[in-house]
Amino acid sequence: MPARLAMLGALYFVQGLPFGFQAKALPLLLRESGTTLTAIGWAGALAAPWALKALWAPLVDRFGSPRIGRRRSWILPVQALLVVAMGLAAALVDQGPLGALLALIFAMNLLSATQDIAVDGLAVDLLKPHELGPGNASQIVGFKLGMEVSGGLLVWASDRIGWSGLFIACAALTAAVWLAVLLLLRESPPASTETAPPRNARDFLTELRRALTLPGTAWLLAVVATYKIGESLVDAMFKPFLLDAGMSRGEIGLSIGTVAGLFSIAGSLLGAVSARRLGLTRSLLLIGALRVVPLAGIWALAALSGAPATAPDPTWVLVVASAEHLAGGALTTVMFALMMSRVDRRIAATHFTLLASVEVIGKSPGSWLSGAMADAVGYPPVFALGAALSLAWLALMAFARGPLSAPATLADVPKGLNQP
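Here is what the cut-offs are and how they apply
Residues numbered from 1 in each chain as written. Predicted model: local features only at pLDDT ≥ 70, side-chain atom pairs only at ≥ 80, totals over all residues. Heavy atoms only, no water. Helix = DSSP H or I, 4+ residues; strand = E, 2+ residues; numbered from the N terminus. Buried < 20%, exposed > 50% of the residue type's maximum accessible area, 1.4 Å probe, protein only. Contact = heavy atoms within 4.5 Å. Areas by Shrake-Rupley, 256 points an atom, 1.4 Å probe, with all protein chains shown as cover. Axes fitted to C-alpha atoms, helices over the stretch in contact; angles between N-to-C directions. Parallel < 35°, antiparallel > 145°, perpendicular 65-115°, else oblique. Left-handed = near helix turned anticlockwise from the far one by under 90°. Nonpolar A, V, L, I, M, F, W, Y, C, P; charged D, E, K, R; others polar. Polar contact = N/O pair within 3.5 Å; in protein donor to acceptor, adjacent residues only side chain to side chain. 1 Å grid on protein atoms, 1.4 Å probe; cavity = no way out; pocket = protein on both sides within 12 Å on 5 of 7 lines; lining within 4 Å. Points joined across faces, edges and corners; volume = space filled by probe spheres on them. Salt bridge = Lys/Arg side-chain N within 4 Å of Asp/Glu carboxyl O. Expected span 1.5 Å × (residues − 1). Bend = angle between axes of the 7 residues up to and from the residue.

Engineer: Can you help me understand the overall build of the chain in this one?
Structural biologist: Looking only at helices and strands, the chain features 15 helices and 0 strands. For the chain, the residues scored as buried account for 51% of the 420 residues in total. Restricting the contact set of the chain to residue pairs at least 6 apart, pairs at least 24 apart contribute 86%. For the chain, the exposed surface amounts to about 18300 Å²; the carbon and sulfur share of it is 71%.

Engineer: What exactly am I supposed to notice about the packing of helix α5 (residues 72-92) against helix α6 (residues 98-126) here?
Structural biologist: To describe two helices that pack against each other, one gives the angle between their axes and the distance between the axes. One can describe the packing of α5 onto α6 by two numbers: an axis separation of 9 Å at closest approach and a directional angle of 160°. It follows from the interaxial angle that α5 and α6 lie roughly antiparallel. For the crossing formed where α5 meets α6, the hand is left-handed. Two secondary-structure elements touch here, α5 through W74, I75, V78, Q79, L81, L82, A85, M86, L88, A89 and L92 and α6 through A100, L101, L104, M108, L111, S112, T114, Q115, A118, V119 and L122. Tallied by class, residues from the contact of α5 with α6 come to 18 nonpolar, 4 polar and no charged.

Engineer: What should I look at first to understand the side chain of Q115 in this one?
Structural biologist: By the secondary structure assignment, Q115 is in helix α6. Under the relative-accessibility criterion, Q115 is labelled buried at 1%. Within the local environment of Q115, its side chain forms a polar contact with the backbone oxygen of L11, the two atoms lying 3.1 Å apart. Ignoring any residue separated from it by four or fewer positions in sequence, one finds Q115 in contact with L11, V14, Q15, I75, V78 and Q79.

Engineer: Help me out: how do you make sense of empty space enclosed by the protein in this one?
Structural biologist: Rolled over the atoms, a probe with the dimensions of a water molecule shows which regions are left empty. Within this structure, the stated rule accounts for 2 cavities of 30 Å³ or more. Around the second largest cavity, the lining residues are L17, P18, F21, M86, M108, L166, F167 and C170. At the level of secondary structure, the elements contributing two or more residues to the lining of the second largest cavity comprise α1 (2-32) and α7 (132-184). Partitioning the lining of the second largest cavity into residue classes produces 8 nonpolar, no polar and no charged.

Engineer: Please explain the pattern of salt bridges as it appears in this structure.
Structural biologist: Any two side chains of opposite charge can pair if their charged atoms end up close together. Summed over the entire model, instances satisfying the criterion amount to 4 salt bridges. Across the salt bridge formed by R291 and E231, the nearest N and O atoms sit 3.0 Å from each other. Residue R291 is located in helix α12 (residues 280-305), and its partner E231 is located in helix α10 (residues 229-244); the two are separated by 60 residues in the primary sequence. Judged by relative accessible area, E231 falls into the buried class, the value being 6%. Residues joined by salt bridges that share partners form a network here, namely K228, E231 and R291.

Engineer: Explain helix α15 (residues 379-405) here, please?
Structural biologist: Residue pairs spaced three or four apart in an α-helix point in one direction, given the helix's 3.6 residues per turn. If you check α15, its first and last C-alpha atoms are 38 Å apart, about what 27 residues at 1.5 Å a residue would give, namely 39 Å. The largest bend in α15 is about 40°, located at F399, with the proline P403 one to four residues further on. If you check which residues of α15 are buried, you get Y379, V382, F383, G386, A387, S390, W393, L394, M397, A400, L404 and S405.

What follows is the structure, given as structure tokens:
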């Protein structure tokens, strides 16, 4: 298991590099080049492949070389192209046209999202039922570390190595993982028809339709789509609230960006332990209940700060932010483990990608609408609504626990995946 987890973590680390640069470093680069704030906001569309990857997931799932490996057939060439794109970005970032650099960043996101499809399928192929919690923790932690390296550590180092040095370092790290996949990763052929891929497109579509109509699927989609709505509503407005209340950008970055980020990684590890010892649905209920506490704490900070807002005690900000990131990281790990436990292994990459897309689509409205709501009614009601929605999700999860704890059918779900 340690070797499998290390490989999955490394693959997700590579995927986190472009995404971290996109989310954290690109706004700084664009602002330095004189780009307007409006244009910087629209630059977020460069990450669109992560939301749309379900459109080409069936191709990744359906085609592959048995000799090279069903998943390695995609991972190896995609990573090689990612190294090339990073190398070109290193050559263009200082003197080349900005449009060409943005096109390369879009290409990196496209390649990383495509690899994500193949790696999700690989994870389902490799992980045993009792390894789903640790497996998803290794993936989430790997992805977050990749984001911190490209969007944090290498940005700090860019004062010395420049933006081109940042891309060269990312390319070197990606090339190292590519070499590890080439030399160390071996895929075993399917041992039974349970995990063998469909023989043709018609069989594939039949399998996908069957997977999406199994008993319990509606409950699964409901809990996956709603578990982050309240949390995203709060998270989107917490930093603006602190800034408006008088905290400095440095204080906010230290409390939420650095320290709370480390607690998020710790939460991912905690979620893996909980999933292994308590089971998936029981862990979701317990961690979901604990998550409500720091969300309510954020509401209390806003409510007690008055109007106009006064800066809350930095110690309490650190406490509630860290606790919220700890619970959120743990909940994400367990939820993704539950999603993985319910996929059809014959079309694992497509099935899991569809569930992941539902997760992204479900939590996005909370973030999109939070600003307009805060303008209309202020921060405290928005935070109160976020905590209330998270509490309401617990009721939904309580009803869904039964259907999600049992296999869809004894023939369709791999033995041992019905963890309580």
